[in-house]
Amino acid sequence: MPEPTSTAESNGHAASNRPDPLWSRARPSGRWLLRLMLVAVVLASTTGVTMADGGADRRGSGFAPDRLLFGPEVAASDSSPNLPVRPRPPTGLIDGLWLDTGDRGAVTAAYVDAFGRATPELTWSGAHGRCEPGDSPDNLRRATLERVAYYRAMAGVPASVVEDPEHSRLAQAAALMMSAEGALTHHPEPDYACFSADGQLAAANSNLYLGRTGPQAIDGYIEDPGDRNRDVGHRSTILHPPTRTMGVGHVAAADDRHAANVLWVFDDRAFADDVRTREPDGFVAWPPRGYIPAPIVYPRWSFALAEADFDDARVTMEVDGRVIEPDVVTRQSKVGEVPSSLVVWEPDPDTISSLVVQPLTDGTVDEVTVSVTIQNVGPPQDGTWSSSDAALDFGYDVIILAAPEIGGSPLDRALDPISRAALAFLDVGLPTGS
């Protein structure tokens, strides 16, 4: 899949508020020669593989999205002399909340606007050697939250997420710890490199990434690839409908240390009831109903609905009457927990990848409709839904678009699947902790 026009670090590690290490694979980027060299390096070595939630953390800590830390673990926002950065909302929002994904023109314009902008440079004012968290540029934090807002707008949850300066300060301390240690955990101990109480608190309430920063880290969180990310915990926390504020921390790479991103994802609205979603039924799906550019149709699909019972749910997909066999990889049925209940599945990758050809050539289609049905979704056991106990069925169409080109040479695009395949190969059998 094409990357934004500006380059970003693509090898490293990533994580979410969870207790089991997560793995993400990133892609070499930049000029074609550099990409080719990176592919060769990746094939020859297991170092630099993108990790989520711990990866090869020797302490074996980290945690899974069904055991995210929130509630009393979340610090109240202290007053701060720093003003929060105000992300620019995505283009084409309806009522300032979300995108109309039934409008092809609006979806295309928003995609070009979001991914066509250059990523601000990461200039970091801290230092690993002195364990100084420092700070990252306002414009990079803003760009990071703008990418969050874009995905939320596409998913049909309120896109107006702003920065909480105090949570950004804490996230910055956690980013320093993860970069200095060269590993990820949501439970750092006092012997962790550049340990601090601030960083420890942020680690428990944030998505964590080594090797990617800025908007590209958000892309990795939403994709959530790798066997240990089957519950798409990073994606779920970013698309959690009640959220209104987040914190952002970035640390630059130096010497042999990876760059790091920490995204504080829990605010005091984590359990708010006044939740609005674009879908009248209240579900949050990725990819969502309606039009969506092919580059952000990631291999792992998800459907979340607060308090629902997905234990016996069945997922079916069709294209022009042809059934696409999905592999259901996660079912989570939860009451009173964050993220929401959900079902996650992976369509046959060869089928999906061949639906829309990019770049377009003579005789290829520029859009294709995938019909998704989720059947036999049950109400929660505590009866917090309506009085009816009947299981529900949901159906929606995802219209995959061949997105307009946004940077990258033809050779870049040709090498991209090779580099992804190399990283996928290395994701098998690597140590991941307990």
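## Description of the overall build of the chain
So, point 1. In terms of helices and strands, the chain carries 9 helices and 16 strands.
So, point 2. The burial tally for the chain puts 57% of its 434 residues in the buried class.
So, point 3. Within the chain, residue pairs in contact and separated by at least 24 positions form 77% of the contacts whose partners lie at least 6 positions apart.
So, point 4. When the accessible area of the chain is evaluated, it comes to approximately 17000 Å², of which 52% is carbon and sulfur surface.

## Regarding the packing of helix H3 (residues 138-155) against helix H6 (residues 214-223)
So, point 1. Contact pair H3 / H6: the axes reach a minimum separation of 7 Å and the direction vectors enclose 30 degrees. Comparing their axes, H6 and H3 come out roughly parallel. The crossing of H3 and H6 is right-handed. Seen from H3, the contacting residues are Leu-140, Ala-143, Thr-144, Arg-147, Val-148 and Tyr-151; seen from H6, they are Gly-214, Pro-215, Ile-218, Asp-219 and Ile-222.
So, point 2. Class assignment of the residues belonging to the contact of H3 with H6 gives a composition of 7 nonpolar, 2 polar and 2 charged.

## Some words on unusual backbone geometry
So, point 1. In this structure, the amide linkage connecting Trp-286 to the following residue, Pro-287, adopts the cis form with an omega of -5 degrees.
So, point 2. Considering the arrangement of structural elements, one finds Pro-287 in the loop between strand S8 (284-286) and strand S9 (290-293).
So, point 3. Cis geometry is adopted by the peptide bond preceding Pro-339, which originates at Val-338 and carries an omega value of 0 degrees.
So, point 4. Along the polypeptide, Pro-339 turns up in the loop between strand S13 (326-332) and strand S14 (342-347).
So, point 5. In the Ramachandran plot, Glu-307 falls in the positive-phi region, its phi being about 70 degrees despite a non-glycine side chain.
So, point 6. Relative to the helices and strands, Glu-307 is located in the loop between strand S10 (301-304) and strand S11 (314-319).
So, point 7. The backbone of Asn-376 sits at a positive phi, close to 65 degrees, despite the residue not being glycine.
So, point 8. Summarising the element assignment, Asn-376 is placed in strand S15 (residues 367-377).

## A word on the packing of helix H2 (residues 104-115) against H3
So, point 1. Put simply, H2 and H3 touch, their axes get as near as 10 Å, and they point 165 degrees apart. Of the possible angle classes, the one that applies to H2 and H3 is roughly antiparallel. Taken as a pair, H2 and H3 cross one another with a handedness that is left-handed. Packed against H2, whose contacting residues are Val-107, Ala-110, Tyr-111, Ala-114 and Phe-115, the element H3 presents Arg-147, Tyr-150, Tyr-151 and Met-154 at the interface.

## Overview of the state of the cysteines
So, point 1. Using the criterion set out here, one finds 1 disulfide in the structure.
So, point 2. Each sulfur of the disulfide joining Cys-131 and Cys-194 lies 2.2 Å from the other. An S-S torsion of about -80 degrees defines the bridge between Cys-131 and Cys-194 as left-handed. Within this pair, whereas Cys-131 is found in the loop between H2 and H3, its partner Cys-194 is found in the loop between helix H4 (165-181) and helix H5 (197-203), the two being separated by 63 residues in sequence.
So, point 3. Taking relative accessible area as the criterion, Cys-131 reaches 38% and is therefore assigned partly exposed.

## So, the sheet that holds S11
So, point 1. Taken together, 5 strands build an open sheet; the order of strands is S9-S16-S15-S11-S12 and the sheet is mixed. The open sheet has two edge strands with one neighbour each: S9 and strand S12 (322-324). The sheet shows a mean angle of 30 degrees between the axes of neighbouring strands, taken without regard to direction.
So, point 2. Pairing of S15 with strand S16 (residues 392-401), which is carried by 9 bridges, proceeds in the antiparallel orientation. Each residue of the ladder has a partner; that of Thr-369, found in S16, is Ile-399.

## Some points on the sheet that holds S8
So, point 1. Taken together, the 4 strands give an open sheet; going across it, the order is S8-S10-S14-S13, and neighbouring strands pair in antiparallel fashion. Each of the sheet's edge strands pairs with one partner strand only, and the pair in question is S8 and S13. The sheet shows a mean angle of 10 degrees between the axes of neighbouring strands, taken without regard to direction.

## Concerning the side chain of Glu-146
So, point 1. Counting through the fold element by element, Glu-146 comes out in helix H3.
So, point 2. In terms of polar contacts, Glu-146 uses its side chain to reach the backbone amide nitrogen of Arg-88, at 2.8 Å.
So, point 3. Not counting residues up to four positions away in its chain, the partners in contact with Glu-146 are Pro-87, Arg-88 and Arg-117.

## What to know about the nonpolar core
So, point 1. Ranked by internal contacts, the top residues of the largest apolar core, which has 89 residues, are Tyr-151, Leu-263, Trp-286, Phe-303, Trp-345 and Ile-374.
So, point 2. Those residues within four positions of Ile-374 in sequence are excluded, and the remaining contacts are Phe-303, Phe-310, Ala-313, Arg-314, Val-315, Val-343, Trp-345, Leu-392, Asp-393, Phe-394 and Tyr-396.
So, point 3. Formed by 5 residues, the second largest nonpolar core is a distinct cluster that contains Val-232, Ala-304, Val-329 and Leu-342.

## Topic: the confidence of the model for the chain
So, point 1. Scored by pLDDT, the chain comes out at a mean of 77, with 69% of its residues at no less than 70.
So, point 2. Counted against residues more than four places away or in other chains, residues 16-81, with its pLDDT under 50, gives 239 contacts.
So, point 3. Within the model, the stretch residues 408-434 combines pLDDT values under 50 with 58 contacts to residues more than four positions away or in other chains.

Cut-offs applied
Residues numbered from 1 in each chain as written. Predicted model: local features only at pLDDT ≥ 70, side-chain atom pairs only at ≥ 80, totals over all residues. Heavy atoms only, no water. Helix = DSSP H or I, 4+ residues; strand = E, 2+ residues; numbered from the N terminus. Buried < 20%, exposed > 50% of the residue type's maximum accessible area, 1.4 Å probe, protein only. Contact = heavy atoms within 4.5 Å. Areas by Shrake-Rupley, 256 points an atom, 1.4 Å probe, with all protein chains shown as cover. Axes fitted to C-alpha atoms, helices over the stretch in contact; angles between N-to-C directions. Parallel < 35°, antiparallel > 145°, perpendicular 65-115°, else oblique. Left-handed = near helix turned anticlockwise from the far one by under 90°. Nonpolar A, V, L, I, M, F, W, Y, C, P; charged D, E, K, R; others polar. Disulfide = S-S within 2.5 Å. Pairing = 2+ DSSP bridges. Polar contact = N/O pair within 3.5 Å; in protein donor to acceptor, adjacent residues only side chain to side chain. Core = buried A, V, L, I, M, F, W, Y, C linked by side-chain atoms within 4.5 Å. pLDDT = per-residue confidence, 0-100.

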